[in-house]
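As a plain string of letters, each chain reads:
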Amino acid sequence: MLQLSGVCKTYGPESGGYVALRDIDVAIADGEFFCLLGPSGCGKSTLLNIMAGFEPASVGSATFDNDPIVGAGRDRMMFFQDAGSALLPWLTVEENMRFALRVRRIPKTSWPDVIDKYLTAVDLAQHRDKFPSQLSGGMRQRLQIARALAVEPKVLLMDEPFAALDALTRRRMHATLLDIWQNTGKTIVFVTHDIGEALILADTIAVMSVGPESKIMQLFRLDLPRPRDLADSELRKTAANIEALLAPEIDRSEARIA
Amino acid sequence: MLQLSGVCKTYGPESGGYVALRDIDVAIADGEFFCLLGPSGCGKSTLLNIMAGFEPASVGSATFDNDPIVGAGRDRMMFFQDAGSALLPWLTVEENMRFALRVRRIPKTSWPDVIDKYLTAVDLAQHRDKFPSQLSGGMRQRLQIARALAVEPKVLLMDEPFAALDALTRRRMHATLLDIWQNTGKTIVFVTHDIGEALILADTIAVMSVGPESKIMQLFRLDLPRPRDLADSELRKTAANIEALLAPEIDRSEARIA
Amino acid sequence: AGQGQAQSPQKLTVYAQPSVNNDSLWMAMANNEYTKEGLDITYRLFPSGTTAFQSFNTGQGDIVLAGDLPSVQYFFRADGAYRVIAVIERDAKGYVGVARKDIKTPQDLIGKTVATRVGSTGSWFISEYLTKNGVDPSKVTVKNLDTQILPTALCQGDIAAFFIWQPVGSRTLEICPNDSHYLTDATGYIQGYLIAGARTELLNSAEGKDKVIRFLRATMKGRDVAEKDFAAVANYAKAKLDLSEKATREQWDTNIRPLALDKVFFEDFCSLSKWAMKDKVTSQPLDFSKFTWRDGLLAIDPKLAPEGPPPC
Amino acid sequence: MASTGIKTAPASIVSVYQMRMASIWRRHRSLGLTIMSLILGFAGWQLLSTFVFSPFLVPPPVRVIRTAIPMLLSGEILHDVLISLSRVFVGFITGSIAAILLGVILGRISTLHDLVDPIIELLRYLSPTAMIPIAVIWFGIGEMSKYFLIFWGTFFIMLVNTIAGVLRTPIARQRAAQCLGASQLEIFAYIVVPSAVPYIVTGMRVAMASAFMSIIPAEILAADSGIGYLLQNSSMLLQTDRIFVALLTISVLGFLCDRALRLIVDLTLTRFTLPA
Amino acid sequence: MASTGIKTAPASIVSVYQMRMASIWRRHRSLGLTIMSLILGFAGWQLLSTFVFSPFLVPPPVRVIRTAIPMLLSGEILHDVLISLSRVFVGFITGSIAAILLGVILGRISTLHDLVDPIIELLRYLSPTAMIPIAVIWFGIGEMSKYFLIFWGTFFIMLVNTIAGVLRTPIARQRAAQCLGASQLEIFAYIVVPSAVPYIVTGMRVAMASAFMSIIPAEILAADSGIGYLLQNSSMLLQTDRIFVALLTISVLGFLCDRALRLIVDLTLTRFTLPA
Ligand SMILES: Nc1ncnc2c1ncn2[C@@H]1O[C@H](COP(=O)(O)OP(=O)(O)OP(=O)(O)O)[C@@H](O)[C@H]1O
Ligand SMILES: Nc1ncnc2c1ncn2[C@@H]1O[C@H](COP(=O)(O)OP(=O)(O)OP(=O)(O)O)[C@@H](O)[C@H]1O
Ligand SMILES: [Mg+2]
Ligand SMILES: [Mg+2]
């Protein structure tokens, strides 16, 4: 159970700083697939950072299994939005995987299998000797996905993990992720800006409002079986609801060039 | 006219290196909106880098208006896939804009107007005093877009400029970009992995095959007027064609976990 | 002297070291003797004769004060461009051998390690001390140590004795009176010198020659004060070098200020030269007719500069 | 137990209170730790020199300070400090500027770098002490040669650091600037130099120490004032207390200059030194 | 005109030919430029010492080499070089390792850093020369005190650089490692140290020069061999030619050691020093 109550986040000085989040209350059950959806810059990454323990909440409390979150922990694995920054540039693709398994204390005998399995899943098996600087943007994201999955954490915090992937690759990744989620019962908090992606994956979709002082405007629960089809009428209705919720939000802040 | 003929690109040693591109021939007319579409890691960014003059072709020639491309030039403005890397981290949003206008020798009197116009277009006007490290992923991309547009280059080389934006923001960006393109007659080379985005924007879509040794498999010309609607039957047919072209490509290289 | 005052004072640059054996010059300066001779003296201090010669070598400075060995070495190096004009000061008490308490006779040093600045007058002192006391120098290990660290090394027992100039010895007795004592001073072995030398080029011009003579004459007047008036010297040392009266006293007591080029000088430098050749510090005999320039002293008083011996 | 009042307060108030305390602590912590550190350092010195070494070899701080007080009151130290500081400043600043300019050029033009590097590589092992004779030949025994020796002690450190910083300028930044139309000079000034700032600042901190160390050889050279001269002179006369006064003065000066440098960097260059 | 044959060749062949030439040029260019640089350097020295200075003040290279040859043949220089090198190595390597270890710790634990930093900041302005008396008190007049002085000349430079490098470790890397479950020690070893490598390498290059300069004070101390001793002794005896032989030897040794360091870094650490 991952719980935030009354969380506010202010960047900069206590007063007069930029209030990114205001009064966020969420409770994510074990094994839930929870999607955070919201316009660019609304505070999705900030919220995820608080859950991961990277940033303290300015006000309010964040707990995991009733223990306050005070720092990064091995039970909550983060997938970083900026994929390159989290990889070790001096290790090859395979060595980056091995590093993860080593610090995770996974027995050495199983490394080759685990590495093969996850690199194949993200289609990087032929690129295992490249360094991160030699990978394309999408490949870096896929390497980070493979690493995050390989260590099998209790909770996966994923910040737009598929943003740089093409539609077809992304579809496969969805299937892979759902497979793993269903087989292992992980909790997944998944940030995306793609409504379709959220609809296909989530148990719960939290829609956030535009910043500053972003809130969670509404929660949508989806009990449909998976795999889902976006043409499904209930999904289309939800999609329309979400768009309707977001459109005025975005109008509120944007202006088009004449 | 941007022209590549017989371009190959090999990374690493002359023989035995990784052949990213093989025998690429393209000719992009002045004022054309040209989309590069292809699976992750196929070589889209590589191709754009060659056009920009950042990387030499290993074999073959690249010319712009019949002059060989030998280095970066102010006529070809690149939008980098990794948005953060191209911004100056020690300048605020507004200062980053000003830097661009200064080195572009744009008269100082028009700076405030230009900056306001483009920052408003990408909805960053309220964030003008933040540093890049204080921006969200999507905001960084938008800043880079604003900067690239503000200097009004002849050719815009855009590497997945909208990848980190939510659907609604992205829709506005499409409209903005098309407005500017139609009013100024720029040449735009636009990399995307989103088929829908390509269909909405492009005059020509070049579909690339999976690497290594990526080629341009097929060119699709779209003469439909804009704004376009994805529900349009011709677009749907093209979309289906492109998917059909790509699907076996991706099958060729991917395997799903059992 | 009268004619000098009429003209504007003539510039003369002197390189020296901050040491009490310069007291003749100090007193000359303190009593404006140089000004009275029509000289405008620039008195520049260097930490050692060697560093003074380094600068002198580049063509700067007119007169340089330095120890015996640096003068000889520089003379050979400068190929005739430098000549000694007078002995300012010499003394044998200014050099001491300090040893640990268990070393009581020269023979006790056999098999032990002693220290000095190798290649300095201290080396010469050790060599003379051992040979004159019938100890085979090869049975004593001589270590090269910087003067600053000699007291520490002796007090800690790293070495059995050292041979060097003052105030290193008295300082050592201050630091560890229980472990150290004076073994000897240099009386009967060597004498340490402060030598004034000048650029040959200067001496060859009539004007330069005149300046040097006036310099010598004024310094002699200073010498007369320095010899008698300890309080004036101590005041000067206190004001300019922050030396305590006690420290000044120790050295002042032993100073001999010949301001001449006398027999003793020739003898000492002969034996210095022989030692230096033996120890490969120099490679040729010292030719006094080239090494010294007697005209200045002769112009003041012929008795001050007798004829030197043949090269030795 | 006394804090029950706070414990029952609503979460947000606790948090605001804690934040206020934390920020007060943060603001004063650094100063407090600095003072504690200095006290510990001096206490350690006092103990060491009293019980481990002989106080004649390493005079305890109390004695050093007792020696320093009359020197301070008479203005002797202040005079020496001002003279040495002015020498360090001239040498350090000219050395830094020259090295940054040359470093940026060498870091960007690799042919020139390869051509000049071996000579630099041979020269930079020569200490300021070794350069004394050359300094005298070139600049005589006046102030110029002292500036030169401190320049020498600064220049190569700054050069190595600047080149290292320039070579690590992210390539994308330069490419973006080229696309925008920046001239080579603008890329130097607006991209390469700012990107190298973290290395340059580190280089300046190291070079500052080297500059202060170079006072000593510089003031061997016919100086009659300055801290280096005080040290030289006291060493020759074996005045241990005064030697330690000189050393302590150099240390304290260096410490203060480093703090000043850091403050200036914090005030003016923070934006360039933030970690990515 | 003679290249018409090539001009008519198909584009791809031209390109392959050009690439081959370019790669040959690249491979040999660096060596060629180094040699050219050295020749220019020596020619400049020869000219300067003949026409600008007097050859007595600055002996021309030809004379220095003539002086050096018998010293080389007799094995005198080799002997001195080996002794000095072994001292530099011990001091440099222990100094580097100690500084890297302490630097990583101080860079990570800010309270400890704030506590220790002022003391370091005071000590690092003391040159090895100033530390000679302390070295003798602590380590006597044997090899240990020579190692210590070279250690001293290395340690603080490496420390400042290591801390600077550690402080600039990208935060995302550390966070990712923490999420993976890395212990504090693993984060030190696998994340922080490798991230600081570019700074550490730069520090080593600067510190290497400082270590070589520290030979001179180290060998003032009761040495009867070594390059520093040769220099000292020749200076005392005012033997300019031998002084220059010693200086040239130090320069060449430094040059070679720097090349060796760069080679080792290129062979083993390239992956850590690539620009982002
Ligand atoms: N270190 C910081 N200092 C100041 N403001 C910050 C900082 N980090 C984030 N912000 C601000 O907080 C807000 C939320 O940022 P966040 O990165 O959480 O957005 P996001 O929802 O992840 O957006 P995106 O979809 O574009 O990644 C933004 O306005 C951003 O400018
Ligand atoms: N510097 C390099 N060294 C070696 N291989 C490289 C290098 N840069 C790119 N590659 C390889 O070239 C291929 C194409 O990379 P590129 O970045 O052009 O892909 P892309 O089409 O832009 O992919 P994405 O959509 O994921 O950004 C990849 O296999 C990549 O590993
Ligand atoms: Mg985000
Ligand atoms: Mg790409």
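Here the structure is a predicted model, which means the values were calculated and not measured.

What counts and what doesn't
Residues numbered from 1 in each chain as written. Chains lettered and ligands numbered in written order. Predicted model: local features only at pLDDT ≥ 70, side-chain atom pairs only at ≥ 80, totals over all residues. Heavy atoms only, no water. Donors = N, O, S within 2.8 Å, 3.2 Å for Na, K, Ca; no water. Helix = DSSP H or I, 4+ residues; strand = E, 2+ residues; numbered from the N terminus. Near = heavy atom within 4 Å. Polar contact = N/O pair within 3.5 Å; in protein donor to acceptor, adjacent residues only side chain to side chain. Areas by Shrake-Rupley, 256 points an atom, 1.4 Å probe, with all protein chains shown as cover. Nonpolar A, V, L, I, M, F, W, Y, C, P; charged D, E, K, R; others polar. Pairing = 2+ DSSP bridges. Axes fitted to C-alpha atoms, helices over the stretch in contact; angles between N-to-C directions. Disulfide = S-S within 2.5 Å.

A. The coordination of the magnesium ion (ligand 3), seen in detail. Surrounding the magnesium ion (ligand 3) are the protein donor atoms Ser45(A) (OG) and Gln81(A) (OE1), which sit 1.9 to 2.2 Å from the metal. Of this pair, Ser45(A) sits in helix H1 (residues 44-52) while Gln81(A) sits in the loop between strand S6 (76-79) and helix H2 (83-86), placing them 36 residues apart in sequence.

B. Expanded view of the site of ligand 1. Residues in contact with ligand 1 amount to 20 residues; listed here are only the nearest, Lys44(A), Ser45(A), Thr46(A), Gln134(B) and Ser136(B). Around ligand 1, the nearby residues trace back to chains A and B. Contacts to ligand 1 include Lys44(A), whose backbone N or O atom sits 2.7 Å from an oxygen atom. Within the contact set of ligand 1, an oxygen atom lies 2.7 Å away from a side-chain nitrogen or oxygen of Gln81(A). Computed on the free molecule, ligand 1 has an accessible area of 640 Å², of which 90% lies beneath the protein chains in the complex. Elements with a contribution of two residues or more to the shell around ligand 1: strand S2 (18-28) and H1 of chain A together with helix H5 (137-150) of chain B. Residue classes in the shell around ligand 1 are distributed as six nonpolar, eleven polar and three charged.

C. Quick peek at the sheet that holds strand S3 (residues 63-66) of chain C. Residues and elements named next belong to chain C. The strand order across the open sheet built from five strands is S2-S1-S3-S10-S4, with neighbouring strands paired in mixed fashion. The sheet is open, and its two borders are formed by strand S2 (39-45) and strand S4 (82-91), each paired with just one other strand. Taking the axes of each pair of neighbouring strands and ignoring which way they run, one obtains an average angle of 20° across the sheet. Across four bridges, S3 lies against strand S10 (residues 192-199) in antiparallel orientation. What sits directly across from Ile63, in S10, is Ala198.

D. Representation of the state of the cysteines within the structure. Residue and element names in this part refer to chain C. Within this structure, the stated rule accounts for two disulfides over all chains. Shown here is the disulfide that connects Cys155 with Cys176, its sulfur atoms set 2.0 Å apart. Its S-S torsion of approximately -75° makes the covalent link between Cys155 and Cys176 left-handed. Of this pair, Cys155 sits in helix H7 (residues 150-156) while Cys176 sits in the loop between helix H8 (168-175) and strand S9 (180-185), and the two are 21 residues apart along the sequence. Covalent S-S linkage joins Cys270 and Cys312, the inter-sulfur distance amounting to 1.6 Å. Of note, the bridge from Cys270 to Cys312 carries an S-S torsion of about -120° and is left-handed in sense. Linking Cys270 in helix H13 (residues 263-278) with Cys312 in the segment after helix H15 (295-300), this pair joins segments that are 42 residues apart in sequence.

E. A look at the site of ligand 2. Contacts to ligand 2 come from 20 residues, most closely from Lys130(A), Ser136(A), Lys44(B), Ser45(B) and Thr46(B). Around ligand 2, the nearby residues trace back to chains A and B. At 3.0 Å from an oxygen atom of ligand 2 is found a side-chain nitrogen or oxygen belonging to Ser40(B). Protein chains bury 90% of the 640 Å² of accessible surface belonging to ligand 2 in isolation. Secondary-structure elements contributing two or more residues to the shell around ligand 2 are helix H5 (137-150) of chain A together with strand S2 (18-28) and helix H1 (44-52) of chain B.

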